[in-house]
Amino acid sequence: MSSNPFIAIVLHRINQSFFLLALLLFSSSVSAQKTQVFGSVSDASTSQKLPFVNVVFQGSSVGTVTDSLGNFELETRRKFDSLEVSLIGYRKQTLPVVNGVIEEIDILLEPSSFELSEVKVRPGENPAFRILRKVIENKPLNTPERLDAYEYETYHRVRFDLNNFTEKAKKNMLLRPFDYIWDNTDTTENGVNYLPILLTESNEEHFYRKNPRSTKKVIKGERTFKFFKAPRIMEFVQDMYIDPNIYDNYVVILDKSFPSPINDYYKRNYNFVLDSGIHRIENFNCHHIYFKPKGKSDVAFTGEMYIDTVSYAVVQVDVEFSIEANVNFVRNYWIRQNYTFEQNKQWFLTKSQVLGDFTVIENSKDMTGFYGRKTTEVRNIRLNEPREKQFYSIVDPVVVQDSAYNRSEEFWEDVRRDTFSLEEKKLVTMVDRMNSDPKWKLILATIRLLAEGWVATGPVDLGDIWSIYSWNKIEGSRVRLGVRTNETFSKHLELGGYAAYGFRDKRWKGGANAQLTFLRKGSKKMVLGANYRNDLFQQGRSQNVIPLDHILTSFTMLSGTQKRTLIESYEGFVERQWFTGFASRVTAFRDRIEPLSLPFQSKEGIDTSNLANILSAGLRFNFRFAWGETDMYATFGSDGKRLFFAKYPAISVEVLTGFKGLWGAQFDYQHYKLKLEYQLRANKWGYLNILGEGGIINGNVPFPLLHTPNANPLLLNDDHSFNLMNYIEFISDRYVSLHLEHHFEGLLFNKIPGVRKLKLREFVFGKIYSGWLSDQNQNGEYLLPKTTQLNMGYPYAEVGFGIENILKIARIDFTWRINYMDNSNALQFIVKPSFYFRF
């Protein structure tokens, strides 16, 4: 792995995505293996190669599916005389094979959708439509939400397996010392070798009440066996726990909106074929319907479903999507859901299975990747037996029992209701051995060093290597070294600090922090902390960009000038998570700000004087509400980068009150802030990012205590900032801003031949900022910088478009500045890259 700083910033921008690192660590191409039967499958009418065709030795489960180019390979030691080839929407074929011979077969499949003699046809209408209309008409009766109340228990098991590795992978320099991990290797029936590497299981109870509506989840137990710490993989595992509701018009999988095959507007998205006859599934007589997307690259499913002939409820549904759906890192993804008529009252989902095939290069079937397997069992279903009112009165939608992460083996044997397979038992043993292996710990430390910039030395980390050296006009060359404790030191107490020195200004800077975390009932957090900082500060700089003293900041300034100050800040805080999705923080602070680039000036009559510094102190109250969000912080700038969308809007509030005379403070003032963040799904049209912010400042204060919008005159794009605005270009004490960014998720590019294979995605955006200055701050005691726009007669605006998902980790923004072009150093147009990780 490269130690290039550019790689470091890529890793920083994807928020330390160990999921991608793990894929790259194990990825390697394999050479073609000797097979008995190989060849390709094509459409007989168009000669187009067909991906994901089922190719199976007749009468067995030994088989495979064709790759994205329509090719397949099969080998077996067992004796078979026939090969069965099938794909939804095509006529099944059976072909003879010769035992013990390497044989090439090129297969042509006839489309079955045109074989109308196979189904009963009513002139002018697809016979499946009559059944689908009944399914949609009966949706309100067949969904459990029509009941007054229900509750049930679930058991989830998720396992990740490394697949398609070879002898070359085993001899990899990083993996060679751990030859014992291959003792748990197994092979699928179609010849793909795999190695279990992660296992997690959980036990939950779910409760629903119709009126007033209330939902609640109680996590009774959860545990994970893994030999590497990967926050993003665990976020992915949590997403696999979610079972999509086929009765919704759109179902969300890996953050993509797929139209359900029983969508109210089913004709818009799918072609359907009704199988002839009545089929017996789970003791119910069923219609059998196949479906596939209308467009080859549509984000939609291919699959089949069985519909009860009496109630028109879904009894079983199989859906899958593949690389054609423009989902990153997915070769194939399959889901099966089974429903039962519970207590002869209500159809209920009772079992769900998921199998995903993930890799870096999706259209390479031989690329090392991961299988993700999930099984969910639903049991102990109770219908129309509501609990007492006080049971539902608890506002927290997610409750974690205190012992959930420390359950005994007897507990898991009871809720599992089966036993771990032999390979799963071996996985548990292997994980324990890997986690105690010093050589493996060294590899993980190296990956962590590249991703985070910190190196572990026992209970203490040293770093950040990407900030050890930097350069700016004020300090010239700057060196810095930091230290912090890690989980080896304590899981509840965090200590840290750093020292820095500028060779031009010949001044020492530094900081320190301490934080103590208490776990309250239900795994809610309460945090006590204190911070000290004496260092350079840039007003109007977003918290989402790279740190101010990062090495890349030294040469990525594109416009404007650096306008830094020196701030000495003391603060102590207490933060509490009240329930899942709501947190608050109270902070006592004292800030002393010293001018460096711009003077702080005051006037009295016609006389002007420079201020040596300004001093403010007071209290800051923060609140953040984001229903269902876990591991959240209340600070106003803690937007964070998630692997998956938040389902509900997030609202942040900050109230700051400065008290004159407190710890020597010079000002009485108040600053009120409100922010809204929301990602609005538009289904097949993608999604819209909304970021709105507004604030009011009361009091006559110098400009460092007023508001300036987040500007980003750096090389890398920041979607939370104005990327063509310079620092401190606008100042206000009344302000509002709105960022809108619509992502079409490849809706247009997917329709362009050749471009479609690149999986590019398009987006457009617009940003506006409007601010005002009250008379007391515009014409008051304290002077404003001469380069600052004082009165905004109209909002500042930026618009543009972009291309994202470039090589799966990058996007490019083309941005135009619409107005205020007479401001100094203003750029009208710019192209900026940025980096991220998303499916």
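Residues numbered from 1 in each chain as written. Predicted model: local features only at pLDDT ≥ 70, side-chain atom pairs only at ≥ 80, totals over all residues. Heavy atoms only, no water.

Turning to a nonpolar patch on the surface, a few remarks are in order. Together, Val395, Phe625, Trp627, Tyr648, Ile651, Leu674 and Leu676 line one region of the surface with nonpolar side chains, adding up to about 580 Å² of accessible area. Residue position: tryptophan 627 is located in the loop between β34 (614–625) and β35 (650–658). (Patch = residues over 30% accessible without salt bridge, like charges linked within 9 Å, V, L, I, M, F, W, Y side chains within 5 Å. Areas by Shrake-Rupley, 256 points an atom, 1.4 Å probe, with all protein chains shown as cover. Salt bridge = Lys/Arg side-chain N within 4 Å of Asp/Glu carboxyl O. Helix = DSSP H or I, 4+ residues; strand = E, 2+ residues; numbered from the N terminus.)

What follows deals with the sheet that holds strand β1 (residues 37–43). What the three strands build is an open sheet, ordered β4-β1-β7; its pairing is mixed. The sheet is open, and its two borders are formed by β4 (71–74) and β7 (103–109), each paired with just one other strand. Pairwise comparison of adjacent strand axes, ignoring direction, gives a mean angle of 25° for this sheet. Where β1 meets β7, seven bridges bridge the pair, whose relative direction is parallel. In the strand pairing of β7, aspartate 43 is matched with leucine 109. (Pairing = 2+ DSSP bridges. Axes fitted to C-alpha atoms, helices over the stretch in contact; angles between N-to-C directions.)

Moving on: the nonpolar core. Among the nonpolar cores identified, the biggest contains 68 residues, and Leu254, Phe272, Ile289, Phe301, Met305, Phe321 and Tyr333 are the most heavily contacted of them. Broken down by element, the residue count for this core peaks at six residues, all from helix α3 (residues 127–137). Dropping the residues within four chain positions of it, phenylalanine 272 is found in contact with Asn126, Ala128, Phe129, Leu132, Pro261, Tyr266, Ile289, Tyr290, Phe291 and Met305. (Core = buried A, V, L, I, M, F, W, Y, C linked by side-chain atoms within 4.5 Å. Buried < 20%, exposed > 50% of the residue type's maximum accessible area, 1.4 Å probe, protein only. Contact = heavy atoms within 4.5 Å.)

What follows is about the confidence of the model for the protein chain. When the pLDDT values of the protein chain are averaged, the result is 84; 87% of them are 70 or greater. Considering each helix and strand of the protein chain separately, the mean pLDDT is smallest for helix α1 (residues 5–13), with a value of 39, and largest for strand β27 (residues 493–502), with 97. Between residues 1–34, whose pLDDT stays under 50, and residues either more than four places distant or in other chains, the model counts 96 contacts. (pLDDT = per-residue confidence, 0-100.)

Right, let's get into the environment of isoleucine 278. Tracing the backbone through its elements, the reader meets isoleucine 278 in the loop between β14 (270–274) and β15 (279–281). Sequence separation of isoleucine 278 and threonine 309 is 31 residues, and the distance between their C-alpha atoms is 8.4 Å. In this structure isoleucine 278 touches Asn285, Cys286, His287 and Thr309, once residues within four positions along its chain are discounted.

With that out of the way, let us pick up the pattern of salt bridges. Using the criterion set out here, one finds 36 salt bridges in the structure. Residue aspartate 535 is joined to arginine 478 by a salt bridge in which the shortest nitrogen-to-oxygen separation is 2.9 Å. Of this pair, aspartate 535 sits in strand β29 (residues 525–538) while arginine 478 sits in strand β26 (residues 476–485), placing them 57 residues apart in sequence. Here the salt bridges do not stand alone but share partners, grouping Glu475, Arg478, Arg480, Asp505, Lys509, Asp535 and Asp549 into one network.

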